[in-house]
Amino acid sequence: QVQLVESGGGLVQAGGSLRLSCAASGSIFSISAMGWYRPVPGKQRELVAAIFSNDSTNYGDSVKGRFTISRDNAKNTVYLQMNSLKPEDTGVYYCRMRAMSGSYRPMTDYWGQGTQVTVSS
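Residues numbered from 1 in each chain as written. Predicted model: local features only at pLDDT ≥ 70, side-chain atom pairs only at ≥ 80, totals over all residues. Heavy atoms only, no water.

Draft legend 1. Structural view of the overall build of the protein chain. Secondary structure summary: the protein chain contains zero helices and eleven strands in total. Helices and strands in the protein chain line up, N terminus first, as β-β-β-β-β-β-β-β-β-β-β. In terms of C-alpha radius of gyration, the protein chain reaches 14 Å, essentially the compact-globule figure of 14 Å for 121 residues. Looking at the protein chain as a whole, 40% of its 121 residues are labelled buried. Sequence separation of at least 24 residues holds for 55% of the intrachain contacts in the protein chain that already meet a minimum separation of 6. A total of about 6600 Å² of accessible surface is found on the protein chain, and carbon and sulfur atoms cover 46% of it. (Helix = DSSP H or I, 4+ residues; strand = E, 2+ residues; numbered from the N terminus. Rg over C-alpha atoms; globule rule 2.2 N^0.38 Å. Buried < 20%, exposed > 50% of the residue type's maximum accessible area, 1.4 Å probe, protein only. Contact = heavy atoms within 4.5 Å. Areas by Shrake-Rupley, 256 points an atom, 1.4 Å probe, with all protein chains shown as cover.)

And the structure:
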């Protein structure tokens, strides 16, 4: 069983910073990618940031230059450093991991429960 546990959300004023963490545990054989997503009204969750096994990264347009994603492979943990936060960044941030739980298991998407980020104006 694979679990993702997010932490680091909270309330911050506009212009402030937060650092989110997502730790994966359980039967993990190989991780292809980890990332953060948030809901968009009327749409599916949008990409905030993702980091891949080759350490390449991808960011949503609205967070480029403000957010930085990183990972600690030894801890199976991904971080999201969020700077210059804006009220429109408010929402529940979900961690996603694409991984294999065994050498003969398929690549599977796992999701965390989400952590609330609230940015006041």
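Structure shown, so let's carry the discussion forward.
Draft legend 2. How the structure looks around the environment of Gly15. If you trace the backbone, Gly15 turns up in the loop between strand E2 (10-13) and strand E3 (18-26). Among all residues touching Gly15, those that are not within four sequence positions of it are Ser84 and Leu85.

Draft legend 3. View of the nonpolar core. In this structure, Met34, Trp36, Leu80, Met82, Tyr93 and Met97 are the most contacted members of the largest nonpolar core, which totals 28 residues. Those elements that provide at least two residues to this core are strand E1 (2-7), E3, strand E4 (30-40), strand E5 (43-52), strand E7 (67-72), strand E8 (77-82), strand E9 (91-100) and strand E11 (115-120). What Met34 contacts, discounting residues up to four positions off in sequence, is Cys22, Ala24, Ala50, Ile51, Ile69, Asn76, Val78, Cys95, Arg96 and Met97. (Core = buried A, V, L, I, M, F, W, Y, C linked by side-chain atoms within 4.5 Å.)

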